[in-house]
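A closer look at the structure
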Amino acid sequence: MTRSASARCLLLTLLFPLLLGACASALPEARQVGEQAGARALLEASAQAHGVTAFRQIRDLNVSFDGQWESLVQKLQPALVDADFRKSSEERLLFSPVPLIGQRHSGPGGSKQVTRSNTSVGVRYNDQPDSGPDALAAAALVADAYRMFLLGPIHFLEGNANLELAGAADVAARPCDLVLAVRRPGHGLSAEDRYLLFIDRQDRLLRRVRFSMEGLASTQGAVVEVDLLDHREIAGVRWPTRFFERLRKPIPSLPVHAWRLTGLDVNRGYAEADISGPAFTGSASPAARAFE
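Description of the structure in this document. (Residues numbered from 1 in each chain as written. Predicted model: local features only at pLDDT ≥ 70, side-chain atom pairs only at ≥ 80, totals over all residues. Heavy atoms only, no water.)

Counting its regular elements, the protein contains six helices and 16 strands. Taking 19 Å as the expected radius of gyration for a compact globule of 292 residues, we find that the protein reaches 19 Å, a close match to that expectation. Along the longest, intermediate and shortest principal axes, the C-alpha atoms of the protein span 60 × 50 × 35 Å. Of all 292 residues assigned to the protein, the portion counted as buried reaches 50%. (Helix = DSSP H or I, 4+ residues; strand = E, 2+ residues; numbered from the N terminus. Rg over C-alpha atoms; globule rule 2.2 N^0.38 Å. Buried < 20%, exposed > 50% of the residue type's maximum accessible area, 1.4 Å probe, protein only.)

Quick look at the side chain of D265 now. Counting through the fold element by element, D265 comes out in strand β16 (residues 254-266). The class of D265 is buried, set by a relative accessible area of 7%. In terms of polar contacts, D265 uses its side chain to reach the side chain of N62, at 2.9 Å. A polar contact of 2.8 Å, which involves the side chain of D265, links it to the side chain of R268. Setting aside residues no more than four positions away along its own chain, D265 makes contact with D60, L61, N62, A287, A288 and R289. (Polar contact = N/O pair within 3.5 Å; in protein donor to acceptor, adjacent residues only side chain to side chain. Contact = heavy atoms within 4.5 Å.)

Spanning 19 residues, helix α6 (residues 133-151) covers 27 Å between terminal C-alpha atoms, matching the ideal 27 Å at 1.5 Å per step. For α6, the buried fraction is high: 16 of the 19 residues fall into the buried class. Once α6 ends, the next one or two residues include G152, with phi positive near 60°. (Expected span 1.5 Å × (residues − 1).)

Before going further, it helps to examine the nonpolar core. Counting 56 residues, the largest nonpolar core has F149, L150, L197, F211 and W239 as the members making the most contacts within it. Looking at this core, the element that brings in the most residues is α6, giving 11 residues. Those residues within four positions of L197 in sequence are excluded, and the remaining contacts are L43, F156, D177, L178, V179, L206, R208 and V209. By size, the runner-up hydrophobic cluster in this structure holds nine residues, among which are V171, C176, L178 and V223. (Core = buried A, V, L, I, M, F, W, Y, C linked by side-chain atoms within 4.5 Å.)

This paragraph deals with the packing of aromatic side chains. All chains considered together, the criterion is met by 11 aromatic pairs. Measuring from centroid to centroid gives 5.9 Å for F149 and F211, while their planes differ by 50°, and the two rings are tilted. Here F211 lies in strand β11 (residues 206-212) and F149 lies in helix α6, a separation of 62 residues in the sequence. A residue is classified by how much of its surface remains accessible, and F149, at 3% relative accessible area, is buried. Here F156 and Y195 contribute two aromatic rings whose centre-to-centre distance is 5.3 Å and whose plane-to-plane angle is 70°, an arrangement assigned as edge-to-face. Linking F156 in the loop between α6 and β8 (160-171) with Y195 in strand β10 (residues 193-200), this pair joins segments that are 39 residues apart in sequence. Judged on exposure class, the residue F156 and its partner Y195 are both buried. Chaining the aromatic ring pairs together yields one cluster made of F65, Y146, F149, F156, Y195, F211, F243 and W259. Lying across the ring of F198, R208 places its NZ or CZ 5.4 Å from the centre. Taking the ring centre of F291 as reference, the NZ or CZ of R232 above it sits at 4.3 Å. (Phe/Tyr/Trp six-rings, centres within 6.5 Å; stacked < 30°, edge-to-face > 60°. Lys NZ or Arg CZ within 6 Å of the ring centre and 35° of its normal.)

This part takes up the pattern of salt bridges. Tallying each qualifying case throughout the model produces 25 salt bridges. Between R194 and E29 there is a salt bridge, with the nearest N and O atoms lying 3.6 Å from each other. You can see R194 sitting in strand β10 and its partner E29 sitting in the loop between α1 (3-21) and β1 (34-35), a full 165 residues away along the chain. The exposure class of E29 is exposed, given its relative accessible area of 56%. Across the salt bridge formed by D60 and R59, the nearest N and O atoms sit 3.8 Å from each other. Among the residues examined, R59 registers a relative accessible area of 27% and is labelled partly exposed. The network of salt bridges with shared partners includes R208, R210, E225, D227, R246 and R248. (Salt bridge = Lys/Arg side-chain N within 4 Å of Asp/Glu carboxyl O.)

On to the environment of L254, then. Counting through the fold element by element, L254 comes out in strand β16. Among the residues examined, L254 registers a relative accessible area of 15% and is labelled buried. C-alpha of L254 to C-alpha of W69: the two residues are 185 residues apart in sequence and 12 Å apart in space.

See the structure below:
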């Protein structure tokens, strides 16, 4: 047996008990079709706590991130992690007249530019287009997921095939009420994903979201969760500014990614063309306003 084969056998031996424990579903199945009134009321209360009224006055959102990937995850999911390019990013979200996301990722390998609309995705590495299916699927999944992390419950106000109450649980000793959402399509290129929302019972902030990852071939069947931390009010909206992601299935509680929001500003007034090309142009070009 070669040294690499021996290492793989050892890894499987160590992980086998964890994989057995992950056989139980990390996400509940939906019990109904449509929206449960209590779940809708809880979701709307959370959206109000996050500042949905002020959010509706935002036409464009400009943010910057910086983070660190865990080394094992880089080996398990290289297409999704894309560690050579996804260390920090400048991101632009246009909400009207047409929803559009532009991302400029940076890492030791150079730049990765992503353009994501409701119906399409484009990727450029160091300004060269990449139309590979894994590259497109991973980019769409990441763009949609980061929108979800930023907007929290506001993201779930529309587009749910199912919405129901799903019990209670604690997040960092804070009691939370749970809402299960099923969305068709899901995030990225997925036909459907499930999401478990952990809504703080006291202040109604979204503290955690757990979700399936059906939009990329290599992540299908996986479940991850992201803790949304250190909320900060800007432009009347309470945004999470620190994020921690862990895997729940197939390897329970495996750390994945820690990152933080380093800047945010709103309503620059740029056009779709300013964030859909090989680089940001016009008023989309300057970096997001850094936190003091």
